[in-house]
Amino acid sequence: MSTTESPRLTVIGTGYLGATHAICMAVLGFDVLGVDVDERKVARLAAGEVPFFEPGLPELLTKALESGRLRFTTSFEEAGEFGDVHFVCVGTPQRPGSDAADLTYVDAAVRSLAPHLTRRALVVGKSTVPVGTAGRLTSLLNELAPAGDEVELAWNPEFLREGFAVDDTMRPDRLVFGVASEWADERLRAAFAPILELGTPVVKTDLATAELVKVAANSFLATKISYINAMAEVCEAVGADIKDLADSLALDDRIGGKFLKPGLGFGGGCLPKDIRAFAHRAEELGVGQAVAFLREVDDINRRRRARTVDLVRELLGGQISGARIACWGAAFKPNSDDIRDAPALDVARTMHGLGGHVRVFDPAALDNARRAFPELRYGDSALDVAEDADVVVLLTEWADFRQVDPEALSTVVKHKRIVDGRHALDAAQWRGAGWEYRALGRN
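Residues numbered from 1 in each chain as written. Predicted model: local features only at pLDDT ≥ 70, side-chain atom pairs only at ≥ 80, totals over all residues. Heavy atoms only, no water.

As annotated in an unreviewed UniProt entry, the protein is UDP-glucose 6-dehydrogenase from Actinomadura barringtoniae. Here is the UniProt Sequence similarities (unreviewed entry) comment for the protein, exactly as written: "Belongs to the UDP-glucose/GDP-mannose dehydrogenase family." Taken verbatim from the UniProt record of the protein, the Catalytic activity (unreviewed entry) comment is "UDP-alpha-D-glucose + 2 NAD(+) + H2O = UDP-alpha-D-glucuronate + 2 NADH + 3 H(+)". (UniProt positions renumbered as here; feature names shortened; annotations may be inferred.)

Caption draft 1: Spatial organisation of the state of the cysteines. Evaluation of the coordinates by the stated rule reveals zero disulfides. As a non-bridged cysteine, C89 has C24 as the owner of its nearest cysteine sulfur, 11 Å distant. Here C270 is not cross-linked by a disulfide; its sulfur's nearest cysteine counterpart is in C89, at 13 Å. By relative accessible area, C270 is classed as partly exposed at 26%. (Disulfide = S-S within 2.5 Å. Buried < 20%, exposed > 50% of the residue type's maximum accessible area, 1.4 Å probe, protein only.)

Caption draft 2: How the structure looks around the UniProt feature "binding site: NAD(+)" (unreviewed entry) in the protein. Following the UniProt record, one finds the feature "binding site: NAD(+)" (unreviewed entry) at D36, K41, T92, T128, E162, K273 and R340. Taking the farthest pair of C-alpha atoms as the criterion, the annotated set spanning 305 residues is dispersed, since that pair is 24.4 Å apart. Here, the largest cavity is lined by T92, T128 and K273 out of the annotated residues. Mapping K41 onto the fold places it in helix 2 (residues 39–46). Here K41 falls in the partly exposed class, since its relative accessible area comes to 25%. Not counting the four nearest positions on each side in its chain, K41 is found in contact with T14, G15, D36 and P51. With respect to the helices and strands, E162 occurs in the loop between strand 6 (151–155) and helix 7 (165–170). (1 Å grid on protein atoms, 1.4 Å probe; cavity = no way out; pocket = protein on both sides within 12 Å on 5 of 7 lines; lining within 4 Å. Helix = DSSP H or I, 4+ residues; strand = E, 2+ residues; numbered from the N terminus. Contact = heavy atoms within 4.5 Å.)

Caption draft 3: The packing of helix 10 (residues 207–238) against helix 11 (residues 242–250), seen in detail. It is the contact of helix 10 with helix 11, at a shortest axis distance of 9 Å, that shows an interaxial angle of 140°. Put simply, helix 10 runs oblique to helix 11. Handedness of the crossing formed by helix 10 with helix 11: right-handed. Contacts between helix 10 and helix 11 involve Y227, I228, M231, A232 and C235 on the former and, on the latter, I242, L245, A246 and L249. Grouping the amino acids of the contact of helix 10 with helix 11 by side-chain chemistry returns nine nonpolar, no polar and no charged. (Axes fitted to C-alpha atoms, helices over the stretch in contact; angles between N-to-C directions. Parallel < 35°, antiparallel > 145°, perpendicular 65-115°, else oblique. Left-handed = near helix turned anticlockwise from the far one by under 90°. Nonpolar A, V, L, I, M, F, W, Y, C, P; charged D, E, K, R; others polar.)

Caption draft 4: Up close: the layout of surface pockets. Its boundaries defined by the atoms lining it, the second largest pocket holds a volume of some 260 Å³. Around the second largest pocket, the lining comprises 15 residues; the ones closest to its centre are R44, P51, F52, D337 and N368. Among the elements of the structure, helix 2 and helix 15 (366–372) are those that each provide at least two residues to the lining of the second largest pocket. Among the residues forming the lining of the second largest pocket, the class breakdown is eight nonpolar, one polar and six charged. (Points joined across faces, edges and corners; volume = space filled by probe spheres on them.)

Take a look at the structure:
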């Protein structure tokens, strides 16, 4: 095909990243084929059902399917025939028993696609991988693809925020193109033409740098979150107020307020496993000392969960066993049903293990939580789980929870005690309504 034509796109892997990318690119006007080995997932998407919670995406899936520009398949042969640019969007979870990234799915995707690449094509990695992966996959593609070195590899890391994935895909703050040739750069620019027309900045770089960008960004964000939580530990020791400290730091232009939010810490499927994999890979490369601080970042983050349980115990007079505890939140963040490494469920499970009568509610993640942790009890609303509670614990900062009226909640609970694990509530309002209010780093 000529470089002036719109390329036909395939998206290998239709999980959170892949489904979002496939749907949004079809809505932007490209012909897109989504590919997955999971027949059930393919059938659900083809029927117009998004298999996870993401605001705005179901409506876009309907629009994309009705346009005829989006289809789904389990056939890599069909993908090879169809696509000019192939996006690899499979997961790279933490390897069992190790901090390293598990590249099983990335390797399987490339090995399945490559034998069907019979003409010039570009394979684009979007998955988060250890630096050096792209070089290895380039050799694998050239070895397995009938078109040989006519098939090139590029890397285009994703920067999706769960809950904002549609906007982050269609109006990103930047695009990073890791390429080994001008042709690959031209193909990527054609594949993102509608987004580039918005004036989106592009960083054109080499493959290794593109691989590093995502883990470097996540490491910086994780460090900022853990920094303010380390300050919360100091505030607790001296009787200072972490919220006022964070607000003061946020007014410094050099620091800024984003991700400077004290509380329960980070979780999800990216930050925790990405910083561990980054530290592991750095050690393999002999530069482990350069990022050794990430181990402490991880440790600080984990400690916030234990400290939240301590706050609940303190509010209950030193004894969790036998107490009725309402847990607000299960997802690792609001506007998501993702419970991977969710601090909320970690705290809930810990209190359950200590003998607490724990009930959990989350606006979107209840089904996932029930499947993963059937030992916990669940409810139908924030007020439902709070009935006769000895303490309420806010663990995920959904707007639903911030909007609960403390006076109304007073009529439901047994004792007016609340632990704000996310600094999401107005402390003065709750205390004014007669509640014992506690938060990490605040008296």
